[in-house]
Amino acid sequence: MKNWFHQAWRPALVMFVILVGWEFACRMFQVPSWLLPTPTEIGVEIVQGWRDYHHHVLSTVHLTLVGFVIGVSVGIMVAVMLHLLPKVHQAVYPLMILSQNIPIIVLAPLLVTWFGFDDLPKLIIITLVCFFPIAVNMIDGLKRTDQDLIHYMKMAGAQKRQIFTKLEFPYSLPSMFSGLKISATYSVMGAVISEWLGGNRGIGVYMTLASSSFRTDRVFVAIFIIMVLCMVFFGLILLAEKLLIRSQSSGKEDQS
Amino acid sequence: MSVLDIQSLTKDFGPQTVLQGLNLHVAEGEFVSLLGPSGSGKSTVFHLIGGLLQPNHGTIYLDGENINGQTGSISYMPQSPSLFPWRTIIENVILGAELFGKPDKEKAKQMLQRAGLGDYIDAYPAELSGGMRQRAAFVRSLLSPQSFICLDEPFSALDEFTRVDMQKWLLSIWEEERPSVLFVTHNIEEAIFLSDRILVLSEKPANVMEEINVTFDRPRSEDVMLTNDFIAMKKQIYQTLRGE
Ligand SMILES: Nc1ncnc2c1ncn2[C@@H]1O[C@H](COP(=O)(O)OP(=O)(O)OP(=O)(O)O)[C@@H](O)[C@H]1O
Ligand SMILES: [Mg+2]
């Protein structure tokens with residue numbers, strides 16, 4: 001706990017100074033609240049508006065989780081497949097990178113045209129932004145598996161399947177978690193962006209409504225919620241990593 | 001039973017010939033050392049026996065069966081300990097057995113006790129010293145189902161004191177079970193102290209320059225290292241390696 005405080009007080013202080021400066025500047029120059037609300041106004045709206053917006057939050061959390069799970073599964077499957085089938089890797093890897101160059105803003109309306117206003121186009125968008133960091137990191141991790149350990153496994157008579165399950169897959173877990181951390185934050189952003197497409201629920205919707213009615217304080221509430229969601233999500237991944245990855249020195253054992 | 005017989009083994013890596021017509025025989029229960037300078041192709045011999053590489057010429061027989069390019073026929077302890085960092089010591093030492101069926105955890109625990117690793121059964125490799133890791137890797141090769149054991153410079157990364165301790169420990173274990181062992185080293189004393197027979201390898205392309213029978217009584221104690229016979233043998237091997 002003490003240790004945690006030790007690490008947290010510096011960024012907390014910076015944050016506090018920024019907020020205080022913001023508050024003073026707004027009051028001093030009498031900035032109208034539709035242009036830039038003060039932190040206190042935003043704080044009040046966060047508390048008072050909870051009953052109006054909490055169903056949006058729940059809806060976004062739900063969408064994010066479902067999208068994240070699908071995206072992660074696709075990412076892991078792609079990584080494993082490309083690793084086990086080098087020919088497919090050659091053929092597909094460039095396409096995978098290209099898939100990340102499609103601007104979501106352009107793709108989103110197209111997806112709606114094709115799949116309607118259901119959850120499907122939203123989930124496709126989240127999956128698209130989520131699977132990539134996991135796939136790329138995990139493929140790297142699988143490829144970097146210690147050659148000495150692979151040699152040992154082969155000499156010991158391990159089959160290809162055993163080498164994969166007992167060595168390569170566990171070896172790639174730390175890399176997979178690097179990908180998961182990025183995907184976790186991407187998935188929240190992906191969910192919010194996909195909610196702009198339409199529908200009547202979600203932080204994205206709440207945000208669009210707020211900005212079109214000049215409720216700038218609510219826009220900031222939305223930003224605040226997105227940030228909190230990202231952080232909570234990121235924290236959960238860190239926790240899972242701690243629980244799952246054993247041994248202090250994950251990765252290569254140091255030379256004796 | 002486990003008898004290894006290698007006949008006129010040749011291995012090229014591209015243009016360079018690393019092994020040239022190597023002949024080698026390890027009888028049942030015999031401890032044979034391959035002694036040669038660094039880079040002479042000692043590990044390559046093991047990679048060939050272990051089936052990682054295919055020889056260009058020659059045949060490797062284990063108990064009369066041709067095992068060219070066939071993995072899983074020998075128990076192997078690599079030059080680096082090659083323990084899995086996410087497995088505890090007990091999980092590491094049963095790995096070789098685990099590949100072929102259900103490993104015997106009780107036996108593994110006993111072996112670890114005897115190797116002086118009783119307090120580290122559930123520790124991770126990163127928590128062990130270099131010598132302890134080598135011991136764990138050796139226990140793993142003993143617990144593997146294959147009975148012929150290949151040890152690749154297991155003690156070369158250790159300091160002098162630890163190395164002598166480890167050699168004594170290895171001998172004590174070996175004398176109880178008497179497996180057939182092919183041992184690779186570039187340390188002359190180590191080879192004499194441990195082996196029944198020493199094969200001295202030449203520089204590239206490697207071949208057996210000299211074969212020496214070591215006849216000191218077993219069980220051996222480290223006092224043997226100070227006898228005149230021992231020192232004379234060391235000198236003889238040294239001169240062979242120097243090409244005199
Ligand atoms: N896979 C490979 N491809 C090409 N050359 C190789 C390969 N493996 C080994 N060599 C070469 O074969 C020679 C012998 O290597 P090897 O590892 O067998 O030596 P060593 O006797 O075990 O040396 P050390 O005592 O340093 O471990 C070296 O010159 C090395 O460059
Ligand atoms: Mg070597």
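Residues numbered from 1 in each chain as written. Chains lettered and ligands numbered in written order. Predicted model: local features only at pLDDT ≥ 70, side-chain atom pairs only at ≥ 80, totals over all residues. Heavy atoms only, no water.

### Observations regarding the interface of chain B and chain A
Consideration 1: Counting from both sides, the interface comprises 32 residues of chain B and, opposite them, 23 residues of chain A.
Consideration 2: Between chain B and chain A, a total of about 2500 Å² is buried, with carbon and sulfur atoms accounting for 61% of that surface.
Consideration 3: The tally of links from chain B across to chain A stands at one salt bridge.
Consideration 4: Viewed at the interface, chain A and chain B are joined by six residue pairs in polar contact (both at pLDDT 80 or more).
Consideration 5: Of all the secondary structure elements, the ones that give two or more residues to the side of chain B that touches chain A are α1 (42–49), α3 (95–98) and α5 (130–143) of chain B.
Consideration 6: The element that contributes the greatest number of residues to the side of chain B that touches chain A is α5(B), accounting for four residues.
Consideration 7: Class assignment for the residues of the side of chain B that touches chain A results in 16 nonpolar, eleven polar and five charged. (Contact = heavy atoms within 4.5 Å. Buried area = accessible area lost by both parts, 1.4 Å probe. Salt bridge = Lys/Arg side-chain N within 4 Å of Asp/Glu carboxyl O. Polar contact = N/O pair within 3.5 Å; in protein donor to acceptor, adjacent residues only side chain to side chain. Helix = DSSP H or I, 4+ residues; strand = E, 2+ residues; numbered from the N terminus. Nonpolar A, V, L, I, M, F, W, Y, C, P; charged D, E, K, R; others polar.)

### Focus on the state of the cysteines
Residues and elements named next belong to chain A.
Consideration 1: With the rule as written, the count across this model stands at zero disulfides over all chains.
Consideration 2: Left without a disulfide partner, Cys 130 is nearest to the cysteine sulfur of Cys 230, which lies 11 Å away.
Consideration 3: By relative accessible area, Cys 230 is classed as buried at 15%. (Disulfide = S-S within 2.5 Å. Buried < 20%, exposed > 50% of the residue type's maximum accessible area, 1.4 Å probe, protein only.)

### Describing the coordination of the magnesium ion (ligand 2)
Ideal values for angles at a metal depend on the geometry: 109.5 degrees with four tetrahedral donors, 90 or 180 degrees with six octahedral donors.
Residues and elements named next belong to chain B.
Consideration 1: Looking at the metal site, the magnesium ion (ligand 2) is ligated by Ser 43 (OG) and Gln 79 (OE1), spaced 1.9 to 2.4 Å from it. Here Ser 43 is found in helix α1, whereas its partner Gln 79 is found in the loop between β6 (75–77) and α2 (89–93), with 36 residues between them in sequence.
Consideration 2: Given a relative accessible area of 37%, Gln 79 falls into the partly exposed group. (Donors = N, O, S within 2.8 Å, 3.2 Å for Na, K, Ca; no water.)

### Re the site of ligand 1
Residues and elements named next belong to chain B.
Consideration 1: Around ligand 1 sit 15 residues, and of these Ser 38, Lys 42, Ser 43, Thr 44 and Glu 153 come closest.
Consideration 2: Ser 40 has a polar backbone atom sitting 3.2 Å from an oxygen atom of ligand 1.
Consideration 3: A distance of 2.7 Å separates an oxygen atom of ligand 1 from a polar side-chain atom of Glu 153.
Consideration 4: For ligand 1, whose accessible area on its own is 640 Å², the fraction buried by protein is 63%.
Consideration 5: Those elements giving two or more residues to the shell around ligand 1 turn out to be β2 (16–26) and α1.
Consideration 6: Looking at the shell around ligand 1, the element that brings in the most residues is α1, giving three residues.
Consideration 7: For the shell around ligand 1, the residue count by class is three nonpolar, nine polar and three charged. (Near = heavy atom within 4 Å. Areas by Shrake-Rupley, 256 points an atom, 1.4 Å probe, with all protein chains shown as cover.)

### Focus on helix α5 (residues 104–115) of chain A
All names here are of chain A.
Consideration 1: For α5, with twelve residues, the first-to-last C-alpha span of 15 Å sits near the 16 Å given by 1.5 Å per residue.
Consideration 2: Taken together, the buried positions of α5 are Ile 104, Leu 107, Ala 108, Leu 111 and Val 112. Looking straight down α5, one finds that the buried residues subtend no more than 140° of arc, so they occupy a single side. Facing away from the buried side of α5 by more than 90 degrees, the exposed set consists of Val 106, Thr 113 and Trp 114.
Consideration 3: In the core, the buried residues of α5 are packed alongside α6 (119–143) and α8 (160–195).
Consideration 4: Positive backbone phi, approximately 80°, marks Gly 116, located one or two places after α5. (Expected span 1.5 Å × (residues − 1). Arc of directions from axis to C-beta.)

### So, unusual backbone geometry
Residue and element names in this part refer to chain B.
Consideration 1: The residue after Arg 218, namely Pro 219, is reached through a cis peptide bond having omega -10°.
Consideration 2: Mapped onto the elements of the fold, Pro 219 is located in the loop between β10 (208–213) and α8 (228–242).
Consideration 3: A positive phi angle is found at Asp 63, which is not glycine, with a value near 50°.

### A word on the side chain of B:Ser144
Consideration 1: Tracing the backbone shows B:Ser144 in the loop between α5 and β7 (149–152).
Consideration 2: Excluding residues within four positions of it along the chain, B:Ser144 makes contact with A:Tyr152, B:Ser75, B:Gly96 and B:Ala97.

### Considering the UniProt feature "domain: ABC transporter" (unreviewed entry) in chain B
Consideration 1: Mapped onto the present numbering, the UniProt feature "domain: ABC transporter" (unreviewed entry) falls at residues 4–228 of chain B.
Consideration 2: Here residues 4–228 of chain B is 30% helix and 25% strand, with 32 Å between the C-alpha atoms at its ends. (UniProt positions renumbered as here; feature names shortened; annotations may be inferred.)

### Quick word on the pairing of strand β8 (residues 181–185) of chain B
Residue and element names in this part refer to chain B.
Consideration 1: Among the five residues that make up β8, five are buried, leaving the element largely enclosed by the rest of the structure.
Consideration 2: Residues Val 181, Phe 183 and Thr 185 line one face of β8 and the alternating positions Leu 182 and Val 184 line the opposite face, and both faces are buried.
Consideration 3: Pairing between strand β3 (residues 31–35) and β8: five bridges, direction parallel. When the bridges of β8 are listed, Val 32 appears paired with Leu 182.
Consideration 4: By the bridge criterion, four bridges tie β7 to β8 in an arrangement that is parallel. By the bridge assignment for β8, Leu 151 is matched with Phe 183. (Pairing = 2+ DSSP bridges.)

### Considerations on the nonpolar core
Consideration 1: Counting residues in each nonpolar core, the largest one holds 54 residues, and the members touching the most others are A:Phe68, A:Met96 and A:Leu180.
Consideration 2: Broken down by secondary-structure element, the contributors of at least two residues to this core are α2 (39–48), α3 (50–84), α5, α6, α8, α9 (203–212) and α10 (216–244) of chain A.
Consideration 3: Counting residues in each nonpolar core, the second largest holds 50 residues, with B:Phe31, B:Leu35, B:Ile89 and B:Leu171 among its members. (Core = buried A, V, L, I, M, F, W, Y, C linked by side-chain atoms within 4.5 Å.)

### Regarding the packing of aromatic side chains
Consideration 1: Tallying each qualifying case throughout the model produces 16 aromatic pairs over all chains.
Consideration 2: Ring geometry for B:Phe46 and B:Tyr76: centres 6.2 Å apart, planes at 85°, overall edge-to-face. You can see B:Phe46 sitting in helix α1 and its partner B:Tyr76 sitting in strand β6, a full 30 residues away along the chain. Across the pair, B:Tyr76 and B:Phe46 agree in class, each one buried.
Consideration 3: Members of the aromatic cluster, joined through ring pairs, are B:Phe31, B:Phe155, B:Trp174 and B:Phe183.
Consideration 4: Seen from the ring of A:Tyr152, B:Arg140 lies directly overhead, with NZ or CZ sitting 3.7 Å from the centre. (Phe/Tyr/Trp six-rings, centres within 6.5 Å; stacked < 30°, edge-to-face > 60°. Lys NZ or Arg CZ within 6 Å of the ring centre and 35° of its normal.)

### Examining the domain arrangement of chain B
Residue and element names in this part refer to chain B.
Consideration 1: Split into domains, chain B comes out as domain 1 (4–74 + 146–242) and domain 2 (80–145).
Consideration 2: Measuring from the centre of the C-alpha atoms in domain 1 to the corresponding centre in domain 2 gives 23 Å.
Consideration 3: Listed as interface residues are 13 residues of domain 1 and, on the opposing side, 13 residues of domain 2.
Consideration 4: Roughly 1200 Å² is buried in total at the junction of domain 1 and domain 2, and carbon and sulfur atoms are behind 66% of that figure.
Consideration 5: On the domain 1 side of the interface with domain 2, the three residues burying the most area are Gln 146, Trp 169 and Ile 173, jointly 44% of the side's total.
Consideration 6: Where domain 1 packs against domain 2, one counts one salt bridge.
Consideration 7: Residue Arg 114 is joined to Glu 176 by a salt bridge in which the shortest nitrogen-to-oxygen separation is 2.8 Å. (Domains from an automatic or database assignment.)

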